[in-house]
Amino acid sequence: MHVGRGGARLERDIHILLIPGEEPRLLAVAGEAGRVEEEAMGLEKEAVREACIEMEQKLAVNFYPKCPQPDLTLGLKRHTDPGTITLLLQDQVGGLQATRDNGNTWITVKPIQGAFVVNLGDHGHATRFAEEYLSNGRFRNADHQAVVNSNSSRLSIATFQNPSPEAIVYPLKLREGEECVMNEPITFSEMYRRKMAKDLELARLKKMAKEQQQVVSDKPQDKPNFESKSLDHILA
Ligand SMILES: O=C(O)CCC(=O)C(=O)O
Ligand SMILES: [Fe+2]
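Everything numeric here is computed off the predicted structure, so don't read it as measured data.

### With respect to the overall build of the protein chain
Consideration 1: A count of helices and strands for the protein chain gives five helices and 11 strands.
Consideration 2: The 236 residues of the protein chain split such that 39% are buried.
Consideration 3: Put simply, of all contacts in the protein chain between residues at least 6 apart along the chain, 71% involve residues at least 24 apart.
Consideration 4: Of the roughly 14,100 Å² that the protein chain leaves accessible, carbon and sulfur atoms contribute 53%.

Below, the structure is given as structure tokens:
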């Protein structure tokens, strides 16, 4: 989904965002995206906003220098954003990739001049770890990464619309016969803590698997003497 806006105006919006007391215009665009979600889910107007108690907006400016060997690295590793909605403006270089086919195929999100890319985050729907939130898993959170290239540096600006830490995370609506995918309501801060804990555990497993691979390639005659998940599984 794209929400078109003039690139020149964005610079002003970012500036306005930083002035205390001004209504942040990007939040208005996020509100629009929230309303699209509400309508698609058959929810009351403002239901998403109310579930967030008060939206918090965080901004990240990502600069990716050009890289002589882009095949060896990533600008930003594969992830989902934790919040409700992310608005991202990328320059014309391109490098944002998202998955489809259940995470099996990477597609490049072609830059469109003056348009925001709107991503739903974990709070907006479902994480890759099968915990599902506001939309009971009906809308997929965008699994994405940023690649680099050897010709040009690249800039992107992301604004994350997050709920209050104490906002209760639970599906807003269940269809008839649909099972609730969460065991219990949790707060956004607890959801965030669990995500971070899983990321750390995954990083630990990856490190362990790489070390194991190193041991095997250093001493091919030796078999690894501890059990672990297959490297392909962990690195997927
Ligand atoms: O640079 C990009 O295109 C992606 C940035 C991003 O995913 C993020 O800041 O969370
Ligand atoms: Fe992201």
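Now that the structure has been shown, we can carry on.
### A word on the side chain of His 123
Consideration 1: Take His 123: it is sitting in the loop between strand E7 (115-120) and strand E8 (144-146).
Consideration 2: Among the polar contacts made by the side chain of His 123, one reaches the side chain of Thr 84 at a distance of 2.8 Å.

### Comments concerning the sheet that holds strand E6 (residues 105-108)
Neighbouring strands of a sheet are bound in pairs by backbone hydrogen bonds; such pairs are parallel or else antiparallel.
Consideration 1: The strand order E3-E8-E5-E6 describes an open sheet built from four strands, whose pairing is antiparallel. Across the chains shown, the open sheet's two edge strands, defined by having one partner strand only, are strand E3 (76-79) and E6. The mean angle between the axes of side-by-side strands here comes to 25 degrees, regardless of whether they run parallel or antiparallel.
Consideration 2: Bridge count for strand E5 (residues 96-100) against E6 is four bridges, and the pairing is antiparallel. In the sheet register, Gln 97 faces E6, and the bridge partner there is Thr 108.

### Here's the deal with the coordination of the iron ion (ligand 2)
Consideration 1: Distances from the iron ion (ligand 2) to its protein donors, namely His 79 (NE2), Asp 81 (OD) and His 144 (NE2), fall within the range 2.1 to 2.2 Å.
Consideration 2: Along the chain, the residues that donate to the iron ion (ligand 2) are spaced as H-x1-D-x62-H. Within this pair, whereas His 79 is found in strand E3, its partner His 144 is found in strand E8, the two being separated by 65 residues in sequence.

### Quick look at the pattern of salt bridges
Consideration 1: All told, the structure shown has eight salt bridges when counted by the stated rule.
Consideration 2: Here the salt bridges share partners, and the residues they tie into one network are Glu 184, Glu 190, Arg 193 and Arg 194.

### Structural notes on the packing of aromatic side chains
Consideration 1: Considering all chains together, one arrives at one aromatic pair under this definition.
Consideration 2: Centroid distance Phe 188 to Tyr 192: 6.3 Å. Interplanar angle 50 degrees. Geometry classified as tilted. Here Phe 188 pairs with Tyr 192, and both are found in helix H4 (residues 188-218), just four residues apart, close to one helical turn.
Consideration 3: Residue Phe 188 is classed as buried on the basis of its relative accessible area of 6%.
Consideration 4: The class for Tyr 192 is partly exposed, based on a relative accessible area of 37%.

### Digging into the site of ligand 1
Consideration 1: Around ligand 1, a shell composed of Asn 62, Tyr 64, Leu 76, His 79, Asp 81, Leu 88, Leu 96, His 144, Arg 154, Ser 156, Ala 158 and Phe 160 is seen.
Consideration 2: At a separation of 3.3 Å, an oxygen atom of ligand 1 approaches a polar side-chain atom of Asp 81.
Consideration 3: One of the side-chain nitrogen or oxygen atoms of Ser 156 is found 2.6 Å away from an oxygen atom of ligand 1.
Consideration 4: Computed on the free molecule, ligand 1 has an accessible area of 300 Å², of which 95% lies beneath the protein chains in the complex.
Consideration 5: Listing elements by their share of the shell around ligand 1, those giving two or more residues are strand E2 (56-64), E3 and strand E9 (154-162).

### A short note on a nonpolar patch on the surface
Consideration 1: Judged by side-chain polarity, Leu 59, Val 61, Phe 63 and Leu 155 come together as a nonpolar surface patch covering roughly 360 Å² of accessible area.
Consideration 2: Top contributing element to the nonpolar patch by residue count: E2, with three residues.
Consideration 3: In this structure, Phe 63 sits in strand E2.
Consideration 4: Here Phe 63 falls in the exposed class, since its relative accessible area comes to 52%.

### Description of the confidence of the model for the protein chain
Consideration 1: Scored by pLDDT, the protein chain has a mean of 74; 67% of the residues are at 70 or more.
Consideration 2: Considering each helix and strand of the protein chain separately, the mean pLDDT is smallest for helix H1 (residues 7-17), with a value of 31, and largest for E8, with 94.
Consideration 3: Note that residues 126-132 has pLDDT below 50 and, in this model, 21 contacts with residues that lie over four places away or in other chains.
Consideration 4: Note on residues 224-236: pLDDT is under 50 here. Beyond four places in sequence and across chains, it has 16 contacts.
Consideration 5: Scored by ipTM, the complex comes to 0.98, with pTM at 0.70.

Conventions we followed
Residues numbered from 1 in each chain as written. Chains lettered and ligands numbered in written order. Predicted model: local features only at pLDDT ≥ 70, side-chain atom pairs only at ≥ 80, totals over all residues. Heavy atoms only, no water. Helix = DSSP H or I, 4+ residues; strand = E, 2+ residues; numbered from the N terminus. Buried < 20%, exposed > 50% of the residue type's maximum accessible area, 1.4 Å probe, protein only. Contact = heavy atoms within 4.5 Å. Areas by Shrake-Rupley, 256 points an atom, 1.4 Å probe, with all protein chains shown as cover. Polar contact = N/O pair within 3.5 Å; in protein donor to acceptor, adjacent residues only side chain to side chain. Pairing = 2+ DSSP bridges. Axes fitted to C-alpha atoms, helices over the stretch in contact; angles between N-to-C directions. Donors = N, O, S within 2.8 Å, 3.2 Å for Na, K, Ca; no water. Salt bridge = Lys/Arg side-chain N within 4 Å of Asp/Glu carboxyl O. Phe/Tyr/Trp six-rings, centres within 6.5 Å; stacked < 30°, edge-to-face > 60°. Near = heavy atom within 4 Å. Patch = residues over 30% accessible without salt bridge, like charges linked within 9 Å, V, L, I, M, F, W, Y side chains within 5 Å. pLDDT = per-residue confidence, 0-100.

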